[in-house]
Amino acid sequence: MPDTLNIIPLPQSVKMGEGFFNCKGIPPVKGDGIFSREIDVFRQQLEACGIPAWIPAGQGAETGIVCRKVETLKDEAYRLKIAREKIILEASSGAGMYHGLQSLRQLFLSGGEGGGKTEGGFALPCADVEDYPRFPWRGLMLDCSRNFYSKNFVKKIIDAISLHHLSIFHWHLTDDQGWRFPVDAYPLLTEIGSKRYDKRRWRYTGGFYTKDDIREVVAYAAARHVEVVPEVDFPGHASSILAPYPGLGCTGGPYGVEDRFGIFEDVLCAGNDAIFDLIEKVFDTLAELFPSKWVHIGGDEVLYNRWNECPKCRKRMEETGLKNSRELQSWITVKLVQMLGERGKTAIGWDEILEDTPAYKLPPQAAVMSWRGRKGGAEAAERGHSVVMSPNTDGCYLDYQPVNDPDEPGQLGTSGIKQLYNMNAVDAGMSAEEASRIIGGQANLWTELVYAARIAEYMIFPRICALAETVWTEKKDFDDFARRLPLHQARLDKLDLIQYRGPLA
Ligand SMILES: [Zn+2]
């Protein structure tokens with residue numbers, strides 16, 4: 001008998017029993033009506049992998065999976081009992097039930113495990129599992145601006161991360177290289193801002209998601225208990241806004257949607273009130289399409305050359321009593337946070353938003369995503385902000401190479417799977433109060449060089465499995481993770497995901 005269930009993330013507590021639950025396909029699933037959506041999705045997921053429904057006959061007719069509501073379990077928690085005669089899953093919420101069903105889905109994808117696939121069927125080892133997440137925010141960011149990925153690929157990734165109990169899909173929708181959703185009052189954002197001339201392919205590339213596409217993705221994710229958090233980047237990374245609306249830049253242009261990669265000096269003109277008209281409409285659109293309380297406002301990598309020289313920006317600084325361009329950026333950030341608040345949304349931004357000024361402090365409700373190492377996260381927690389840890393120094397940047405090898409794809413550095421596994425979202429030196437402000441961790445795939453969905457899969461898997469375990473469980477053991485990983489990668493093969501299989505640096 002195996003001494004644990006070989007699934008990822010490893011549950012908080014597993015007690016192995018004797019024997020197996022045997023079946024020849026998806027057994028009957030009975031449950032409280034409130035879980036019907038979760039049960040339907042679970043069936044569809046297994047059927048999509050060629051596992052047929054199974055109706056036991058005769059003596060086995062009472063067997064199957066029973067899904068029960070148990071009020072005393074915490075929101076995302078589940079209890080799973082696999083016995084010879086039946087499987088019982090308990091949760092108080094749809095999210096908890098979904099996580100439990102995903103743990104079962106993993107076992108079905110490997111034909112049961114430990115015992116392996118029996119003749120013409122599945123053998124799931126008997127076990128008692130108690131499980132719940134360590135952090136609520138367990139995220140993946142996919143940059144769909146630098147490269148446009150199809151709606152179907154986005155859904156494929158959301159389904160795959162939900163297999164690992166991730167809770168957040170952070171959708172990076174705007175950047176210098178493309179604007180990816182329609183805003184009614186500003187049709188040129190998609191007409192012009194979504195396309196760029198791509199010298200690698202000698203043609204225009206790009207695209208955008210229609211409102212119906214976005215609703216479809218959000219609903220698909222919700223059925224998998226994944227929350228979609230949109231990101232729009234202001235006031236930098238704005239070439240795809242400036243190309244169609246050059247009046248919103250300091251120099252008036254002309255501008256183009258960027259084909260190059262990097263940080264560009266043309267940003268939204270902070271002295272022009274018209275930028276806030278546009279931002280209002282953008283936020284209205286996000287509020288219309290995304291039920292999440294979070295909106296990511298970017299806020300990273302803003303160069304100040306244009307603001308320093310722009311008469312309108314200088315006038316704004318004089319009138320508002322701001323000493324320099326840095327203060328001008330905090331002034332904008334505070335405005336963005338307030339504008340979202342008026343729409344019932346909470347802002348989250350990259351750790352640059354912490355670089356505020358005494359007159360324009362970052363409002364306390366704004367959350368901070370720590371990417372330039374861990375320092376921003378520590379400072380934000382100390383100052384009372386909620387924090388998501390996503391340090392590029394700890395393996396969270398999936399655009400980096402998976403191992404330092406010139407034959408591997410990736411740029412800028414190395415994010416090894418072991419390094420990511422060992423990322424602790426909470427710093428050792430944090431007080432209990434500071435630690436309580438860390439709401440989770442996330443991995444990010446920037447896609448400047450990831451110009452095909454198949455390459456994105458290779459960059460994401462299996463590194464995201466390490467992230468999933470590191471933000472789910474309290475008890476981490478890399479050697480044990482490495483032992484479980486090949487079994488788990490065989491499951492991901494059945495989901496048709498291209499994966500890295502080199503050394504686990
Ligand atoms: Zn200006």
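We now turn to the structure provided with this report. The structure displayed is predicted, hence computed values, not measured ones.

Another aspect to go through is the overall build of the protein. A tally of helices and strands in the protein yields 16 helices and 18 strands. For 505 residues, the compact-globule estimate of 2.2 N^0.38 gives 23 Å, and the C-alpha radius of gyration of the protein, at 24 Å, lies within 12% of that figure. Considered along the principal axes of its C-alpha atoms, the protein spans approximately 85 × 55 × 45 Å. Residue burial in the protein is summarised as follows: out of 505 residues, 62% are buried. As displayed, the protein offers around 19100 Å² of accessible surface, 51% of which is attributable to carbon and sulfur atoms.

Looking at the zinc ion, one finds its protein donor set to be C250 (SG), C269 (SG), C310 (SG) and C313 (SG), positioned 2.3 to 2.4 Å from the metal centre. Taken together, the four donor atoms coordinating the zinc ion and their angles of 107 to 112 degrees define a geometry best described as tetrahedral. The motif formed by the donor residues of the zinc ion, counted along the single chain, is C-x18-C-x40-C-x2-C. On the criterion of sequence distance, the pair formed by C250 in the loop between α6 (239-242) and α7 (274-289) and C313 in helix α9 (residues 311-320) is long-range, its members being 63 residues apart. Residue C250 is classed as buried on the basis of its relative accessible area, which comes to 14%. Residue classification places C313 among the buried positions, given a relative accessible area of 0%.

Moving on to helix α16 (residues 478-494). The end-to-end C-alpha distance of α16, which contains 17 residues, comes to 24 Å, matching closely the 24 Å that a straight helix rising 1.5 Å per residue would cover. L485 marks the point of greatest bend in α16, at about 40 degrees, and the proline P486 comes within the next four residues. All buried positions along α16 are accounted for by F478, D480, F481, R484, L485, H488, Q489, R491 and L492. The elements touched by buried residues of α16 are α2 (94-109), α12 (417-421) and α15 (463-472). Of the residues flanking the start of α16, the one acting as N-cap is D477, its side-chain oxygen 3.1 Å from the backbone nitrogen of D479. In the stretch just after α16, D496 is the one whose phi turns positive, near 60 degrees.

Read around the barrel, eight strands follow the order β7-β8-β13-β14-β15-β16-β17-β18 and close on themselves; strand pairing throughout is parallel. Averaged over all pairs of adjacent strands, the angle between their axes in this sheet comes to 30 degrees, without regard to strand direction.

Parameters at a glance
- Residues numbered from 1 in each chain as written.
- Predicted model: local features only at pLDDT ≥ 70, side-chain atom pairs only at ≥ 80, totals over all residues.
- Heavy atoms only, no water.
- Helix = DSSP H or I, 4+ residues; strand = E, 2+ residues; numbered from the N terminus.
- Rg over C-alpha atoms; globule rule 2.2 N^0.38 Å.
- Buried < 20%, exposed > 50% of the residue type's maximum accessible area, 1.4 Å probe, protein only.
- Areas by Shrake-Rupley, 256 points an atom, 1.4 Å probe, with all protein chains shown as cover.
- Donors = N, O, S within 2.8 Å, 3.2 Å for Na, K, Ca; no water.
- Tetrahedral: all angles 85-135°; square planar, octahedral: opposite > 155°, others 65-115°.
- Expected span 1.5 Å × (residues − 1).
- Bend = angle between axes of the 7 residues up to and from the residue.
- Contact = heavy atoms within 4.5 Å.
- Polar contact = N/O pair within 3.5 Å; in protein donor to acceptor, adjacent residues only side chain to side chain.
- Pairing = 2+ DSSP bridges.
- Axes fitted to C-alpha atoms, helices over the stretch in contact; angles between N-to-C directions.

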